[in-house]
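For reference, the chains in residue letters:
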Amino acid sequence: QVQVVESGGGLVQAGGSLRLSCAASGSIFRINAMGWYRQAPGKERELVATITSGGNTNYADSVKGRFTISRDNAKNTVYLQMNSLKPEDTAVYLCKADVVAKSTGWYWGQGTQVTVSS
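Residues numbered from 1 in each chain as written. Predicted model: local features only at pLDDT ≥ 70, side-chain atom pairs only at ≥ 80, totals over all residues. Heavy atoms only, no water.

Trainee: For this particular structure, what's the right way to read the sheet that holds strand β8 (residues 77–82)?
Mentor: Two modes of strand pairing occur in sheets, parallel and antiparallel, and in both the strands are linked by backbone hydrogen bonds. The sheet built from 4 strands is open, its strands ordered β1-β3-β8-β7 with antiparallel pairing. A single partner strand is all that each edge strand has here, and the edge strands are β1 (2–7) and β7 (67–72). Here the average twist between neighbouring strands, direction ignored, is 15 degrees. The pairing of β7 with β8 spans 6 bridges and is antiparallel. Pairing of T68 across the sheet is with Q81, part of β8. (Pairing = 2+ DSSP bridges. Helix = DSSP H or I, 4+ residues; strand = E, 2+ residues; numbered from the N terminus. Axes fitted to C-alpha atoms, helices over the stretch in contact; angles between N-to-C directions.)

The structure is reproduced here in structure tokens:
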């Protein structure tokens, strides 16, 4: 059984910062790519950033230069440092992990709410 759990969301003023964490646990052999996505009310889920096991990263244009994704492979954890937050960053942020385990596949967390006030 694999679990993916996010933490670190909250309410912040525009221009502020937050750091999200996402930890995968269970009978995991290896985690390949990990990523952050977000979904705002009435909008489709969108990719925010991804990172491979080797550390290669990819960002949505809307967050480039403001957000940084990183990971600790020993802890099966991925982070998202979010700086210079804007009201339009308000969304539920979800973590996705490509897990090699007894049940190999993509696993999603339950999400963490980020609200940026103007």
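Trainee: Would you explain the pattern of salt bridges in this entry?
Mentor: For side chains of opposite charge, pairing can occur when their charged atoms come near one another. Counted according to the given criterion, the structure contains 4 salt bridges. With a closest N to O distance of 2.6 Å, E46 and R38 form a salt bridge. Residue classification places E46 among the partly exposed positions, given a relative accessible area of 36%. D89 is the partner of R66 in a salt bridge, and the nearest nitrogen-oxygen pair spans 2.8 Å. Linking R66 in the loop between β6 (57–59) and β7 with D89 in the loop between β8 and β9 (91–101), this pair joins segments that are 23 residues apart in sequence. Look at D89 and you get buried, because its relative accessible area is 1%. Sharing partners across several salt bridges, the network here consists of R38, E46, R66 and D89. (Salt bridge = Lys/Arg side-chain N within 4 Å of Asp/Glu carboxyl O. Buried < 20%, exposed > 50% of the residue type's maximum accessible area, 1.4 Å probe, protein only.)

These values are about where atoms sit, not about what they do.
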